[in-house]
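# Results of the structural survey
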Amino acid sequence: MPGLTNSPGAAIDVARKQGNTRPGMEKFGIGQAVRRREDERFLTGAGRYIDDQHFANLTHGAVVRSPHAHARIVSIDTGEAEAAPGVVAVITPDVYFAQGFGPIPAMTAIDGIVEGTLNHPPRHALADATVRYVGEPVVFVVAETKFKALAAAELVTVGYEELPAVVDLAHTLDADSPMIWPEAGSNLAFRFEKGDAAGVEAAFEGAAHRVTLDLVNNRIAPMAIEPRGVVGEYDAESGTLTLNVSGQAVHAQRNQMAAAVFKVEPDSMRVVAGDVGGGFGAKNFVYPENILVMLAAKLTGRPVKWISERSEAFLSEVHARDHVTRAELAVDAEGRFLALSVDTIANMGSCLSTMGPVVPTAASWVSMGGTYVVPNIHMSVRAAYTNTMPVDAYRGAGRPEAAYIMERLVDAAAFDLGIDPVEIRRRNFVRDYPYSMPLGLTIDCGDFSGTFEAAAEAIGLDGFDGRRAASEARGRARGIGLSSYLEVTLGMPSEAMELRFESDDTVTILAGTHSTGQGHETAYAQIVHETLGVPFDRIGFRQGDTAAIAVGGGHGGSRSLKIGGSTLLRSAQSVREKGRAAAVHILDAAADDIEFADGLFAVRGTNRRIGLFELERAVREAGDLPETVAPTLTTVGRFERERHSFPNGCHIAEVDVDPETGDVDLLAYVIADDFGRIVNPLIAAGQARGGAVQGIGQALLEGVVYEPGSGQLFTGSLMDYALPRADTVPDLPVGFNEAAPTDTNPLGVKGAGEAGATGAPAAIVNAVLDALKPHGVRHLDMPLTPEKVWRALLQG
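Now for a quick tour of the structure. Here, residues in each chain are numbered from 1, in the same order as that chain's written sequence. Given that the model is predicted, a residue must reach a pLDDT of at least 70 before its local features are reported, and side-chain atom pairs must reach 80 or more before they are shown or counted; all residues, however, enter totals for whole chains, interfaces and linings. Heavy atoms from the whole structure form the basis of all side-chain values; hydrogens and water molecules are not counted.

## Topic: the packing of aromatic side chains
Paired rings are identified among Phe, Tyr and Trp, the last through its six-membered ring, by centres lying within 6.5 Å, and are further divided according to the angle between planes into stacked (under 30 degrees), edge-to-face (over 60) and tilted (the rest). One pass over the structure, following the stated rule, counts 15 aromatic pairs. Where Tyr-96 meets Phe-97, the ring centres are 5.3 Å apart and the plane angle is 90°; that geometry is what we call edge-to-face. An aromatic cluster of at least three residues, connected via ring pairs, comprises Tyr-96, Phe-97, Phe-101 and Phe-262. We call a charge positioned above a ring when the Lys NZ or Arg CZ atom is no farther than 6 Å from the ring centre and deviates by at most 35 degrees from the ring normal. The ring of Trp-181 has Arg-132 lying over it, and the distance from NZ or CZ to the ring centre is 3.5 Å. We note Lys-194 situated over the ring of Trp-365; from NZ or CZ to the ring centre the distance is 4.2 Å.

## Here we look at empty space enclosed by the protein
The way it works is a 1 Å grid over only the protein atoms, where trapped points that fit a 1.4 Å probe form a cavity and open points with protein on both sides within 12 Å along at least five of seven lines form a pocket, and then any residue with an atom within 4 Å of a point lines it. Grid points are joined across faces, edges and corners, and a volume is the space filled by probe spheres set on the points. Taken as a whole and judged by the stated rule, the model has seven cavities of 30 Å³ or more. Runs of E in the DSSP output that reach at least two residues are strands. Runs of H or I that reach at least four are helices, and both are numbered from the N terminus. Take the lining of the largest cavity: its biggest share by element is five residues, from helix α10 (residues 399–417). By residue class, the composition of the lining of the largest cavity is six nonpolar, one polar and five charged. Split by domain, the lining of the largest cavity shows at least three residues from each of two domains, domain 1 (1–6 + 441–490 + 644–796) and domain 2 (166–217 + 321–429). Here the term charged refers only to Asp, Glu, Lys and Arg, the term nonpolar to Ala, Val, Leu, Ile, Met, Phe, Trp, Tyr, Cys and Pro, and the term polar to all other amino acids, Gly among them. By convention here, the domain bounds are inherited from an automatic or database domain assignment.

## Details of the environment of Thr-513
Take Thr-513: it is sitting in the loop between β20 (507–511) and α14 (520–532). Taking the C-alpha atoms as reference points, Thr-513 and Leu-561, 48 residues apart in sequence, are found 9.1 Å from one another. Contact partners of Thr-513, with chain neighbours within four places excluded, come to Glu-495, Met-497, His-520, Tyr-524, Gln-543, Gly-554, Arg-559, Ser-560 and Gly-564. Here Tyr-524 takes part through its side chain, which lies 2.9 Å from a polar atom of the side chain of Thr-513. Residue contacts are counted whenever heavy atoms from the two residues lie within 4.5 Å of one another. Counting of polar contacts relies on pairs of N or O atoms within 3.5 Å, with two restrictions inside protein: one atom must be capable of donating a hydrogen and the other of accepting it, and residues adjacent in sequence are counted only when both atoms are side-chain atoms.

## Some points on the sheet that holds strand β24 (residues 609–611)
Within the open sheet, the three strands sit side by side as β22-β23-β24. Their pairing is antiparallel. Two strands in the sheet have a free side with no partner beyond their single neighbour: β22 (594–597) and β24. Taken over all neighbouring pairs, the strand axes of this sheet differ in orientation by 20° on average, direction set aside. With axes taken as lines fitted to C-alpha atoms, and helix axes fitted only over the stretch in contact, angles between N-to-C directions fall between 0 and 180 degrees. Its contacts with the sheet put helix α16 (residues 612–621) on β22, β23 (600–603) and β24, and the angle it makes with β24 is roughly 90°. Being paired, for any two strands, means DSSP has found at least two bridges between them.

## A word on the sheet that holds strand β2 (residues 71–77)
Strand order in this open sheet of three strands is β4-β2-β6, and the pairing throughout is antiparallel. Two strands lie at the open edges of the sheet, namely β4 (130–131) and β6 (157–162), each paired on one side alone. Pairing analysis gives two bridges linking β2 to β4, with the strands arranged antiparallel. Residue pairing across strands places Ala-71 opposite Val-131, the latter belonging to β4.

## Topic: the pattern of salt bridges
Whenever a carboxyl oxygen of Asp or Glu lies within 4 Å of a side-chain nitrogen of Lys or Arg, that contact is scored as a salt bridge. All told, the structure shown has 43 salt bridges when counted by the stated rule. The partner of Glu-407 in a salt bridge is Arg-425, and the shortest N-O contact between them spans 2.8 Å. Linking Glu-407 in helix α10 with Arg-425 in helix α11 (residues 421–428), this pair joins segments that are 18 residues apart in sequence. Side by side, Glu-407 and Arg-425 carry an identical accessibility label, which is buried. Between Asp-656 and Arg-474 there is a salt bridge; the shortest N-O distance is 3.2 Å. Separated by 182 residues along the polypeptide, Asp-656 in strand β26 (residues 648–657) and Arg-474 in the loop between α13 (464–473) and β18 (477–486) bring together distant segments of the chain. The classification of residues rests on relative accessible area computed with a 1.4 Å probe and restricted to protein chains. Under 20% of the type maximum is buried, over 50% is exposed, and intermediate values are partly exposed.

All quantities given are derived from atomic positions and should not be read as evidence of function.
See the structure below:
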């Protein structure tokens, strides 16, 4: 891709320019396109996912779920289920609430929530008297096999008194809407305000143009390839509860469940996660099933396993997005932006999930305004309850919603003012850094216009008019869509990482972050190899066990390389310094004479040298050591974020629309990203492509649909919920602009995991609307299904 590093060879050249030129370092060091070493076990069936693990004397759980969106529980009869073959236990709400458990926690300490507006009713693992969405757990059945548990669950009889339900987000706050939590007096969860409302109003009053869009950011389902699953264990002798989970944040889950739900000390609970087949944020949270299997294990004295079926995932795993927004942009006579006003109703579902309140608020305002100079911004959020599955973080979590608002508004402004979408962006890009955003953060560095121009060149923007004419000659409508997105790396701000020297001359990375397919095992090893010269095959990796790893911030907010990688770099640098002090003693040399390269400490000008592993053995076996020498090279490093970093980039999509059917054919798609310094271009490109495909899916195909009135889930299987397939997308070339590495962390990285999902939706929607522009179509809401596009053409 012109002006960018876009191939393994090009990325290696960049890495060499950055100083990675020592013999033996080029193959596996920072900047190298190293193939993911964990993939061999994944591709050969050697992965250890939750359903692959074996437990002695195992039992299986099944959940009896509500068939109603809103109903009062009148009676529960478990007699037949308890008498069914193989049934070990039946846990009803009476049994559950007799344990004295607290509610599942959710983050509500958010700066900007208007005082006195928070309505946070308790959420428990089993329904308490009333069910509030289809799929809410009511009873938990434990049996000797999965099929016996499922059969017994069918025998549980629950009597319900149906209540009016509301699933329409746009009307759930109406005065006459059915109330989900009547004691609160409305369906408002909270109100949130951020920015200078008076300044924005003044800017609009003086603006030459006011551009308004009503947007729906459609509800979607995460759908990782591996459904959720848990196994609970209980050790009666020690009183320890253990949760084995297909999850992403073992320390956070342990701490939340121990403190809030079970009301025990964290040390009396262990959470373990093996290989995880994708998560995208949805596996970060405390779910009812996590609690139920541990309770059942304690009550039965046996391990209890629950694995979600795919159709069950639609009913029991958090959904995402689901916002209704009125967005307005004030523009002057020259097409420059003056102010942005955003008023959003955000769906929380039936109750607050762990990070649900954060998504439309603290995770959204941080990037509002995008890559443009917008002097005044104000955003208002009304979080609302509906009789639907709770909503929580999913890849990007707030930043994709902010990017979609801004990029759609920019194209709408171009449409209304008669300015080319490319030109209006060029007039408004941030060009001077650092740039203080009006809502409070400061973008430390970037090259927004340079990245945009590289993407434009890569897709052949100058030749688009000719391609459009060729499509028109064939009776097709061709369009091109731009999306210049801004991301912010979030997640837990601190991390600790241990580098542990083993007795077999290997070193193990003990990571508090959590990989669910992102390639941490490889990228982290590259950092250690680059810094210490340890052979790649002697670097081990362990994650996901609160008993083995003392602290961990887990996964989320694209934090792992910035926070975790920087922590690991600090650990490796500390090992090097500890090793230097030990080498002074072991080699009997002056500190100034000790050199380190390729894993060896040497005395300058002599042949005296010692490798890291030999040095580790020497200090372990030594008798009296001076105070300056540590008894081991094993080190725990720490890093804490002081400033945010801002991944950014440009996605450009080119589509062909069939006016007869409304079918959208995605012909070409290019991605230009600024992730700061690239540790592994293969992994970074894979992250960009994977996120983009998810964003493309949201734009064209995906949408969770509930039936109005009844609240029944229409899209309850992959027969009804459309995911992108291999033939949905063309090749997705990715290029990297490394011209502006950040100084917010010692690696110079910005984050990569969520960027693709942030940039893609607007690129697709803008491209389709560009194709429909001659028909007068200004806006359509996602997903842009053939029927929706066809109807718009008919009306246009």
